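So the chains spell out like this:
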Amino acid sequence: MDRIGKQHHMRVALLMGAFLLFFGTAAQGAIVGEVGSNFKLVAKQDVVVTSDGDSTIIWGLAVTNSATGVTGRPQYPGPTLIVTQGVPVTITLRNELPDQAGNVSLVFPGQQVTANGGVEGLMTREVLQTHLKPTGAFIEVGYTFTPTQPGTYLYRSGTRQDLQVEMGLFGALIVRPAATPAGGDPAKKYAYNHVDTEYDREFLYVVSEMDPLIHRQVEERRWSSINFTTYFPTNWFINGRNYPDILAENFVPWLPTQPYNCQPRMHPGEKVLIRFVGAGRQTHPMHFHGNDFETIAVDGRLLSSAPGAGPDLAWQATTIKSVPGQTADLVWGWTGKELGWDIYGHSPQDPLEPHEYAPNHGKPFPVVLPPRDAVTYGPFYSGSPFLGGEGELPPGHGGLNAAGGYFYMWHSHTEKELTSNDIWPGGLISFMIVEHPDVPID
Amino acid sequence: MFLKKTITFQGFFLFVCLLTIMVGKAGAAEYWLQVGAAEMTMADGSKVPVWGFGLDQDSNFTTTGDHAVSVPGPALRVGADDKVLIIHLKNNLSEPVSLNILGQNLTNNSGPVWTNFPNDTETWSGARPAGNYTARVRSFTHETLPGQVGEYRWESFRSGTYMLQSATNPAKQVQMGMFLPVVKDVGQKLAYTDVPYDSEVVVVFHEIDPTIQNAIAAGTYGAVPGATIGSSVDREAKYFLMNGMSYPDEGLQHINGKVALYEGKRLLIRFINAGLDTHVPQLQGLYMTLWAEDGTRYQYPKEAYGFSLPTGKTVDAILVSPKEPPWHYPLYDARMNLNNNGVYPGGMFSYIRSSVPDHR
């Protein structure tokens, strides 16, 4: 069995140039979205593609650029709104949905919202439907609130909510703390106003589902046929994409209405914050391989035994149930601690890597690897069991793991949800990739 | 018998307060319940057969017409000083029934009751009949046969929010509507030792599949000759109810009654899921403090605007009035069961409201 020394890793790092050409770069440490306090959104109809090769009508929210006044294409889910605690937020909504789609509105669970304009609806004030040709105060509704607490939240349609959420009118709302918490380091990132909510990287999981039949009925304007008592979803989404589209970069041109990916990556020893949002109507048991996570907050409220105590009531688990309308913040980490062997293939005299779990240093890989052609390699195997390692791959292997990272599947454990309209693999599959410290992520 | 749902449920909230007076023996809460068939009118006007509980007003089971059967049944209160709950049950159905309160120990339980399934011609109580490996449990607790009166005693009743339900073929009888809330405080307007409240409301979630309920009422459900529906495995709910009502029923416009909740006043919401599906009660615009689950106080309360409420569970939450009346905030199922037989708007949608006091 070969050991892969430090020099080998350096060679891998040099290969990253080629790797990046294939996979591009994206900010991997922060969630992308619309940052600010004043948002202009327009509800419009468009199309998404699903990984079974289908395309489906959706109703999404498009962002109007406040400087240019230009409105882009709508997106599924709606834009992730990133705001700051204590700063008043205004979201102005217009309706460009097709005639008969009805009024439209937004609700923000957990926020005390003042709504202006439009007409009073069941849950909040609504923008009139387009065929009524609204003018003046009826043309848009402004939703104003001041987020009092940081955290992860969501918004949803408040009009014909069953249909409009199914069609795509929902999104995540992230409230960043107003200041560094007491005793905190201004150079570091915190999810809440407590030092124990520090994290290095954050990732968003907005989980939703679709029953294509309903989208077809909307497309064909068979409004009276729509019936949610027979709801039967066959497509499942993280951040608006299903696997494997989830892995592609943010904002790839071939997914113009599905801008957000879900591709967590990290270096060993980092703290990863998972902002988890149950956006649809079903529950999903999302299961995180590789290590336990800690749930530090639910519905944007820290799990604290007393004010200021921090997340001292955090609970540890490997599976979290997404609850419709609920959010949760999870913290996850990985060092290879309990593997019992050295993930870098060090000799005992080698120096430690950053955050390396010292008791495993220099411990040999515990099994003899079978010869290359005696086994079938998975597409994410680098050819080496060592982090950042490489090895000979059989002809025809995709070589999808050029940087020698460890892939941990983060997925729904309702296995039928790992499909896109009955095609496997699809749906609620994602991967955390633990990368060698020399592999650039940001 | 026709159940006038709207009338019944204007009184639903009041029952909690009124029934405290109706305790019988010292240290014991005692109720006389009748169980029978009724018809319930859905918000879209369609009628669905139900089986439910009604409170016998003069506690004698002899006067006719003095009990209105409702779904859910009347909310029963066990006084803070009452150690014992006694329920006398008159069975007006044509099949055996029994009672069980989830989380409470039925003291005089001689069940379960076994039968020679599917004939149901022979029964045994207690242990499985020796050597008989085909007998099946029909009831978890001792039965009250058709036309008879049974007694059910809980001699050390725990405080908290609970659900009483049928313990006989629950997949069928509970689905038909045989459930009701039972609450016990630890003191005057004191749900748990450190959880006081100023006013309260019970919110019971459940769903109805009219096809199944019609089959049950017609006797063509289950392992019977000529059955049209064998079981509830293909159940598809069409009506989604809170306290037996669905939007736009008047009673859901102010589900907590027409009361003034002044700023800082505490509303106790006792959530119960009597249905077969999980629901997610969500309060839009405010947070609640979740204090207890299944009648047991959490070691630490939780702040949330919503939570998962599976079948059979109870959750006690405190909502603190954010401002002087009037105000209202929607309370609904975040799983978006917002239709009546497929037609939006409908279903599990209500308002928690603080009303301007009526100075007549």
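## Considering the overall build of chain B
- When you go through chain B residue by residue, the secondary structure sums to four helices and 22 strands.
- Computed over the C-alpha atoms, the radius of gyration of chain B is 20 Å, within 12% of the 21 Å expected from 2.2 N^0.38 for a compact globule of 360 residues.
- Buried residues in chain B amount to 50% of all 360 residues.
- Look at the contacts in chain B between residues 6 or more apart in sequence, and 72% of them connect residues 24 or more apart.

## Quick word on the overall build of chain A
- Scanning chain A for helices and strands turns up three helices and 26 strands.
- Its C-alpha atoms give chain A a radius of gyration of 23 Å, near enough to 22 Å, the size a compact globule of 442 residues would have.
- Projected onto the principal axes, the alpha-carbon positions of chain A cover approximately 75 × 50 × 40 Å.
- Counting across all 442 residues of chain A, residues that qualify as buried make up 48%.
- Put simply, of all contacts in chain A between residues at least 6 apart along the chain, 66% involve residues at least 24 apart.

## Side note on the sheet that holds strand β8 (residues 136-139) of chain B
Residues and elements named next belong to chain B.
- With antiparallel pairing, the three strands of this open sheet are ordered in space as β7-β6-β8. Looking at strand neighbours, the two that pair on one side only are β7 (123-125) and β8, the edges of this open sheet. In this sheet, adjacent strand axes meet at a mean angle of 40° when their direction is disregarded.
- Sheet topology places strand β6 (residues 113-115) next to β8; three bridges connect them, and they run antiparallel. Looking across to β8, one finds that Val113 is bridged to Ser139.

## Focus: the environment of His88 of chain B
Residues and elements named next belong to chain B.
- The residue His88 is located in strand β4 (residues 84-91) in this model.
- Counting along the chain gives 144 residues from His88 to Ser232, while the straight-line C-alpha distance between them is 30 Å.
- Once you skip the residues sitting within four places of it in the chain, His88 turns out to touch Trp32, Val149 and Glu151.

## Structural notes on the interface of chain A and chain B
- Across the contact, 27 residues belong to chain A and 26 residues belong to chain B.
- When residues of the side of chain A that touches chain B are assigned to their parent elements, the largest contribution, four residues, is made by helix α2 (residues 161-167) of chain A.
- Across the side of chain A that touches chain B, the residue classes tally to twelve nonpolar, ten polar and five charged.

## Digging into the nonpolar core
- Counting 187 residues, the largest nonpolar core has Tyr205 of chain A together with Met288 of chain B as the members making the most contacts within it.
- With seven residues, the top contributor of residues to this core is strand β1 (residues 28-41) of chain B.
- Once residues lying within four places of it in the same chain are set aside, the contact partners of Tyr205 of chain A are Ile238, Cys262, Ile274, Arg275, Phe276, Val277 and Met286 of chain A.

## A closer look at the confidence of the model for chain B
Residues and elements named next belong to chain B.
- Per-chain confidence: chain B averages 92 in pLDDT, with 92% of residues scoring 70 or above.
- Within the model, pLDDT remains below 50 along residues 1-23, and this stretch shows 45 contacts once partners closer than five positions in the same chain are excluded.
- For this predicted complex, the interface score ipTM comes out at 0.92, while the overall pTM is 0.93.

## A closer look at the confidence of the model for chain A
- Mean pLDDT over chain A stands at 92; residues scoring 70 or higher make up 93%.
- A low-confidence stretch, residues 1-27 of chain A (pLDDT under 50), is modelled with 33 contacts involving residues beyond four sequence positions or located in other chains.

## Concerning the sheet that holds strand β21 (residues 327-333) of chain B
Residues and elements named next belong to chain B.
- Strand order in this open sheet of three strands is β17-β21-β22, and the pairing throughout is antiparallel. Two strands lie at the open edges of the sheet, namely β17 (281-283) and β22 (349-354), each paired on one side alone. Along the sheet, successive strands turn relative to each other by an average axial angle of 25°, direction set aside.
- Both β17 and β21 contribute to a ladder of three bridges, which runs antiparallel. Bridge pairing in β21 places Leu283 opposite Leu331.

## Remarks on helix α4 (residues 210-218) of chain B
- All buried positions along α4 of chain B are accounted for by Ile212, Gln213, Ala215 and Ile216 of chain B. On an axial view of α4 of chain B, the arc spanned by its buried residues comes to 160°, and they lie on one face.

## Thoughts on helix α3 (residues 212-219) of chain A
Residue and element names in this part refer to chain A.
- Looking at α3, one finds that the buried residues are Ile214, His215 and Val218. Along the axis of α3, the buried residues cluster in a sector spanning 100°; they form a single face.
- Backbone geometry just downstream of α3 places Arg221 in the positive-phi region, at approximately 55°.

## Points about unusual backbone geometry
Residues and elements named next belong to chain B.
- Here Phe117 and Pro118 are connected by a cis peptide whose omega angle stands at 0°.
- With respect to the helices and strands, the residue Pro118 is situated in the loop between β6 and β7.
- The amide bond that connects Pro325 to the next residue, Pro326, takes the cis arrangement and shows omega of 5°.
- You can see Pro326 is positioned in the loop between β20 (314-320) and β21.
- Its identity as a non-glycine residue notwithstanding, Asp120 has a phi of 60°, on the positive side.

## Focus: the pairing of strand β15 (residues 201-210) of chain A
Residue and element names in this part refer to chain A.
- Here β15 lies mainly inside the structure; ten of its ten residues are buried.
- Alternating positions in β15 separate into two faces, Arg201, Phe203, Tyr205, Val207 and Glu209 on one and Glu202, Leu204, Val206, Ser208 and Met210 on the other, with burial throughout.
- Of the strand pairs in this sheet, β15 and strand β18 (residues 271-278) are connected by seven bridges, and their pairing is parallel. For Arg201, the partnering residue across the bridge sits in β18 and is Val272.
- Looking at chain direction, β15 and strand β16 (residues 235-238) are connected through four bridges and run antiparallel. Following the sheet pairing, Ser208 is matched in β16 by Phe237.

## Comments concerning the pairing of strand β19 (residues 296-304) of chain B
Residue and element names in this part refer to chain B.
- By the bridge criterion, five bridges tie strand β18 (residues 288-293) to β19 in an arrangement that is antiparallel. Looking at β19, one finds that Glu293 is bridged to Thr296.
- Linking two consecutive strands that pair antiparallel, namely β18 and β19, is a turn of two residues; a positive phi of about 55° is found at Asp294 within it.

## Focus on the environment of Thr121 of chain B
- Looking at the secondary structure, you find Thr121 of chain B in the loop between β6 and β7.
- On the basis of neighbour count, Thr121 of chain B is assigned to the exposed category, with 7 C-beta atoms found within 10 Å.

## Re the environment of Ala171 of chain B
- Structurally, Ala171 of chain B can be placed in helix α3 (residues 170-173).
- For the pair Ala171 of chain B and Ser231 of chain B, spaced 60 residues apart in sequence, the C-alpha to C-alpha distance is 8.5 Å.

Criteria and cut-off values
Residues numbered from 1 in each chain as written. Chains lettered and ligands numbered in written order. Predicted model: local features only at pLDDT ≥ 70, side-chain atom pairs only at ≥ 80, totals over all residues. Helix = DSSP H or I, 4+ residues; strand = E, 2+ residues; numbered from the N terminus. Rg over C-alpha atoms; globule rule 2.2 N^0.38 Å. Buried ≥ 20, exposed ≤ 12 C-beta atoms within 10 Å, placed from the backbone. Contact = placed C-beta atoms within 7 Å. Pairing = 2+ DSSP bridges. Axes fitted to C-alpha atoms, helices over the stretch in contact; angles between N-to-C directions. Nonpolar A, V, L, I, M, F, W, Y, C, P; charged D, E, K, R; others polar. Core = buried A, V, L, I, M, F, W, Y, C linked by C-beta atoms within 7 Å. pLDDT = per-residue confidence, 0-100. Arc of directions from axis to C-beta.

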